[in-house]
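So you can see what is in the structure, the chains are spelled out below.
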Amino acid sequence: MKKLILSSLFTAIIGAIFCSCETKTQNTDAFKPSVTGRNGEVLVVINDDIKADTAGRYLADMLTDNFLGLSAPEPLFDMQTVPHGYFTSVMSTFRNIIDIVVSDTVSTNNVAFYNNMWAQPQAYISIQANSKKALLPLLADNHIKIVSFLTKSERERQIAYNKRIAHTALCEEIANKWGVTLTIPNTFSRCMPKNKDDMSWIRIDTDESNVNLMVYDMPYVGEGSLSVPYILNKRDSLLKANIEGPDGSFMCTETRFGLDEITYLSGKHKGMDVAELRGLWRMEGYAMGGPFLLRAHHDTINNRIIVTDGFVYYPSRDKKRNLIRQLEAIMYTLTVNNKE
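Caption draft 1: The pattern of salt bridges, seen in detail. On inspection of all chains with the given rule, the structure shows 20 salt bridges. For the salt bridge of Lys152 with Glu156, the shortest nitrogen-to-oxygen distance reads 2.4 Å. Note that Lys152 and Glu156 are positioned in helix 7 (residues 143–164) at a spacing of four residues, about one turn of the helix. A residue is classified by how much of its surface remains accessible, and Lys152, at 21% relative accessible area, is partly exposed. Here Glu276 ties to Arg278 by a salt bridge, and the two come within 2.8 Å at their closest N and O atoms. Accessibility classification places Glu276 together with Arg278 in one group, the buried group. Three or more residues are tied together by salt bridges with common partners; here these are Arg155, Glu276, Arg278, Arg295 and Glu328.

So this is what it looks like as structure tokens:
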């Protein structure tokens, strides 16, 4: 698990790093077609000799590294490749494209990031190197930027979609109760915890799975209020008191293998200090579990920690990555209202 955390750290630090990544937006976006492809897919335009080389394998490892905090391995992205000679205009509308050009005619080794090159909302990365030898360090130096750009693009597409189908009543209910703004899509519905004053709980429930999001707060007690032990202690108390499972079981964080199983990131979000936790949850006393994502924000206006806490239950399939990304997109819209 430690190896997974270290090798996947690039995704976890997107918020802090992405601001240093210069991007360009193509003009006349309104006249461009909508992107194609499924969530999380990346099309790499790369010739076979480069694909088989060390740099090509490095790129593949970068894109298919493990997504953090899941109960079974899933890649960051689903990677497809096509040689330049087979790249058609139909493919140019793909949602995420990485174009690798290696030629001695390249004057400057470069990685450039573009929004909406041929479609919208599209993420396009141009990577040009004058030799195979030069490509590998170019990829290594831009590893974090490449993963961050693609991840942020996926998140922003989901946020834009959520805004178009926002659940006005739930958004207002959360705002009135917790003093925060969240963009919640109308696919969610209200779910009642045992004590409605402890938290707000919403979910998407299907025959196969459910996706859950909770909003609650906890006291700010000074330094350490964004630490893993403090957050998990408060979290598990709330879960035990409010979310019951079958046969008297209750929800808790999976820590039987130690706190190293919890991935922790600290950073900034809209001026607030924030801690992000990814890991697994389980039902104490019953065989149920899955991944969770939690973001705890230091709300200095109201001297508290405001928490968005999401979890997924999808026992029949391993594909939980995109469900966690749905929750992440909602969490990244959080804004504290300027009211005490």
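Alright, that's what it looks like, and here's the rest.
Caption draft 2: A look at the packing of helix 5 (residues 54–63) against helix 7. Their axes nearest at 11 Å, the elements helix 5 and helix 7 cross at an angle of 45°. By the angle class used here, helix 5 and helix 7 are oblique. Relative to helix 7, the crossing made by helix 5 is right-handed. Of the residues in helix 7, those in contact with Tyr58, Met62 and Leu63 of helix 5 are His143, Ile146, Val147 and Leu150. Considered class by class, the residues forming the contact of helix 5 with helix 7 number six nonpolar, one polar and no charged.

Caption draft 3: Spotlight on the layout of surface pockets. When its volume is computed, the largest pocket comes out at roughly 410 Å³. Together, 22 residues line the largest pocket, and Asn39, Arg157, Gln158, Tyr161 and Asn162 are the ones closest to its centre. Looking at which element gives the most residues to the lining of the largest pocket, the answer is helix 7, with eight residues. Its residues placed into classes, the lining of the largest pocket shows nine nonpolar, seven polar and six charged. Taken as a whole, the second largest pocket holds about 290 Å³ of empty space. Asn39, Asp78, Lys319, Arg321 and Asn322 are, among the 13 residues lining the second largest pocket, the residues nearest its centre. Counting residues per element, the lining of the second largest pocket draws most heavily on helix 10 (residues 321–331), which supplies three residues. Looking at side-chain class alone, the lining of the second largest pocket contains three nonpolar, two polar and eight charged residues.

Caption draft 4: Spotlight on the nonpolar core. Ile98, Ile127 and Phe188 are the most contacted members of the largest nonpolar core, which has 79 residues in total. If we ignore the near neighbours within four places in the chain, the residues touching Phe188 are His167, Leu170, Ile202, Arg203, Ile204, Val211, Leu213, Leu327 and Ile330. Formed by nine residues, the second largest nonpolar core is a distinct cluster that contains Leu43, Val45, Tyr114 and Met117.

Definitions and limits used
- Residues numbered from 1 in each chain as written.
- Predicted model: local features only at pLDDT ≥ 70, side-chain atom pairs only at ≥ 80, totals over all residues.
- Heavy atoms only, no water.
- Salt bridge = Lys/Arg side-chain N within 4 Å of Asp/Glu carboxyl O.
- Helix = DSSP H or I, 4+ residues; strand = E, 2+ residues; numbered from the N terminus.
- Buried < 20%, exposed > 50% of the residue type's maximum accessible area, 1.4 Å probe, protein only.
- Axes fitted to C-alpha atoms, helices over the stretch in contact; angles between N-to-C directions.
- Parallel < 35°, antiparallel > 145°, perpendicular 65-115°, else oblique.
- Left-handed = near helix turned anticlockwise from the far one by under 90°.
- Contact = heavy atoms within 4.5 Å.
- Nonpolar A, V, L, I, M, F, W, Y, C, P; charged D, E, K, R; others polar.
- 1 Å grid on protein atoms, 1.4 Å probe; cavity = no way out; pocket = protein on both sides within 12 Å on 5 of 7 lines; lining within 4 Å.
- Points joined across faces, edges and corners; volume = space filled by probe spheres on them.
- Core = buried A, V, L, I, M, F, W, Y, C linked by side-chain atoms within 4.5 Å.

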